[in-house]
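Observations on the model geometry
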Amino acid sequence: ETKVRVWPYPVVEVPGWTHVSQGKVRDLYVNDEDDSLLLVVASDRISAYDYVLDTPIPDKGKILTQLSAWWFEQLGVENHVVSLDVPEVVAGRAMICRRLSMYPVECVARGYLTGSGLKEYRESQSVCGVSLPAGLTEASVLPEPIFTPAAKAEVGEHDENVSFERVVEMVGPEVAESLRAATLEVYSKAAAIAAERGIILADTKFEFGHIDGRLILGDEVLTPDSSRFWPADQWVEGQVTPSFDKQYVRDWLVSDGAGWDRQSTPPALPAEVVEATRARYVEAFEKLTGRVFQA
Ligand code: ATP
Ligand code: MG
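Report on the accompanying structure. (Residues numbered from 1 in each chain as written. Chains lettered and ligands numbered in written order. Predicted model: local features only at pLDDT ≥ 70, side-chain atom pairs only at ≥ 80, totals over all residues. Heavy atoms only, no water.)

1. Things to note about helix H6 (residues 271-289)
The terminal C-alpha atoms of H6 lie 27 Å apart, and with 19 residues this matches the ideal 27 Å at 1.5 Å per residue to within 8%. Buried-residue contacts for H6 involve helix H1 (60-75), helix H4 (173-196), strand E15 (199-211), strand E17 (227-231) and helix H5 (247-253). Trailing H6 by a residue or two, Gly290 shows a phi angle of about 70 degrees, which is positive. (Helix = DSSP H or I, 4+ residues; strand = E, 2+ residues; numbered from the N terminus. Expected span 1.5 Å × (residues − 1). Contact = heavy atoms within 4.5 Å.)

Okay, structure coming up:
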């Protein structure tokens, strides 16, 4: 059963570029003159519980693109960005990138225990095969950040947490080691930058690809869609921390008010949920970058 709708989303015509694929949130285009160049366009679509919702969040695509671009600059690691100077129809919400051969691994780093990591820990005292000390709980800080990869799922399916050994089977030992090292390195850099701004980077997901075997950071990075950001002053071990991510939308969807069974297409979001969610994306952008978001 396919939950995620792919293709019904209107595809914006971009002069000079040919649309090649549509993900839950982003559309990819290839340059008509140079097929090593990719245009990554972030839409205002929002996904939750593996569904793409019918209600867009105004400016979300711009916020994610600009936040991601800011992080790529800060991180100083080799990445796929070529230019933010994009055709007018997608201004602010797109990046021209080098087309990479992507590794089919969602490279997750966790510095704190929550979500699916906590669930696994409670079953096995480990996450993705990484053993952890006893006695950890919701929002516990880990002794050191860990690499907890997931295998990229088919459209509509949930990404599956896998062990490091499984990654070795998928991409070979050298690449697996490089992915782990790069993931933990970028996580640590980003977590330090976020900490200076009073934000905890609890966990995050990267996607890497390569050109001729050279590892390059791709996709979006360190946005509320790919990361859990927590206000440091609200973090309490043992308690669920209110985050800047789309938890707000998830909470509304499973509330009595939404009346949703989680088996069918989710209901439209009420205007106040849309506005509150947009405000959270803007707040994350402004807190992290120290810049005012301009639509
Ligand atoms: P899926 O990844 O299965 O298509 P998704 O919902 O995660 O689903 P989006 O995040 O909306 O998809 O789209 C971004 C897609 O572009 C991802 O598949 C990602 O792996 C891919 N991608 C990102 N950067 C690059 C790049 N530089 N070269 C090639 N592919 C890339
Ligand atoms: Mg994605």
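2. Brief notes about the packing of H1 against H6
Relative orientation of the contacting elements H1 and H6 amounts to 20 degrees, with a least axis distance of 10 Å. What the angle tells us is that H1 and H6 run roughly parallel. Remark: the crossing between H1 and H6 carries left-handed chirality. Contact with H1, carried on its side by Lys60, Ile63, Leu64, Gln66, Leu67, Trp70 and Trp71, involves Tyr281, Val282, Phe285, Leu288 and Thr289 of H6 and no other residues of that element. (Axes fitted to C-alpha atoms, helices over the stretch in contact; angles between N-to-C directions. Parallel < 35°, antiparallel > 145°, perpendicular 65-115°, else oblique. Left-handed = near helix turned anticlockwise from the far one by under 90°.)

3. A short note on the environment of Leu288
The topology assignment puts Leu288 in helix H6. Looking at Leu288, the relative accessible area reads 0%, which means it is buried. Sequence spacing of Leu288 and Pro15 is 273 residues, and the spatial spacing of their C-alpha atoms is 33 Å. Excluding its chain neighbours within four sequence positions, the residues that come into contact with Leu288 are Leu67, Trp70, Trp71, Ala194, Arg197, Ile199 and Phe229. (Buried < 20%, exposed > 50% of the residue type's maximum accessible area, 1.4 Å probe, protein only.)

4. Observations concerning the environment of His19
As for its position among the elements, His19 is in strand E1 (residues 17-22). Sequence-wise, His19 and Leu64 are 45 residues apart; in three dimensions their C-alpha atoms are separated by 20 Å. Looking at His19, its side chain comes within polar contact range of the side chain of Asp27, at 2.7 Å. (Polar contact = N/O pair within 3.5 Å; in protein donor to acceptor, adjacent residues only side chain to side chain.)

5. Some points on the nonpolar core
Ranked by internal contacts, the top residues of the largest apolar core, which has 67 residues, are Trp71, Leu179, Phe206, Leu217, Leu222 and Leu269. With 10 residues, H4 is the single largest residue contributor to this core. With near-sequence residues (within four places) excluded, Leu222 lies in contact with Leu67, Trp71, Leu75, Ala190, Leu201, Thr204, Phe206, Ser227 and Phe229. Counting residues in each nonpolar core, the second largest holds 10 residues, with Tyr29, Val41, Val86 and Ala94 among its members. (Core = buried A, V, L, I, M, F, W, Y, C linked by side-chain atoms within 4.5 Å.)

6. A few points about the site of ligand 1
Taken together, 14 residues lie around ligand 1, and Lys24, Arg26, His80, Lys152 and Glu207 are the ones closest in. A distance of 2.9 Å separates a nitrogen atom of ligand 1 from a polar atom in the backbone of Arg98. Within the backbone of Leu100, an N or O atom sits 3.0 Å from a nitrogen atom of ligand 1. Compared with its free state, where it exposes 600 Å², ligand 1 has 83% of that area covered by protein. Taken together, the residues of the shell around ligand 1 break down into five nonpolar, two polar and seven charged. (Near = heavy atom within 4 Å. Areas by Shrake-Rupley, 256 points an atom, 1.4 Å probe, with all protein chains shown as cover. Nonpolar A, V, L, I, M, F, W, Y, C, P; charged D, E, K, R; others polar.)

7. Re the packing of aromatic side chains
The tally for this structure, following the rule as stated, stands at eight aromatic pairs. A ring pair is formed by Tyr49 and Trp260, whose centres lie 6.0 Å apart and whose planes are at 50 degrees; its orientation type is tilted. Placement of the pair is Tyr49 in the loop between strand E4 (47-48) and strand E5 (51-52) and Trp260 in the loop between H5 and H6, with a sequence separation of 211 residues. Using a relative accessible area of 22% as the deciding quantity, one classes Tyr49 as partly exposed. You can call Trp260 buried: its relative accessible area is 12%. When the centroid spacing of 6.4 Å and the interplanar angle of 70 degrees are considered together, the rings of Phe147 and Phe164 count as edge-to-face. With a gap of 17 residues between them, Phe147 in strand E12 (residues 141-147) and Phe164 in helix H3 (residues 164-171) connect regions that are remote in the sequence. In this structure, Phe147 and Phe164 share a single accessibility class: buried. Taken together, the ring pairs connect Tyr49, Tyr51 and Trp260 into an aromatic cluster. Above the plane of the ring of Phe164 lies Arg180, whose end atom (NZ or CZ) is 3.7 Å from the centre. Above the face of the Tyr49 ring, Arg262 is positioned so that its terminal group lies 4.1 Å from the ring centre. (Phe/Tyr/Trp six-rings, centres within 6.5 Å; stacked < 30°, edge-to-face > 60°. Lys NZ or Arg CZ within 6 Å of the ring centre and 35° of its normal.)

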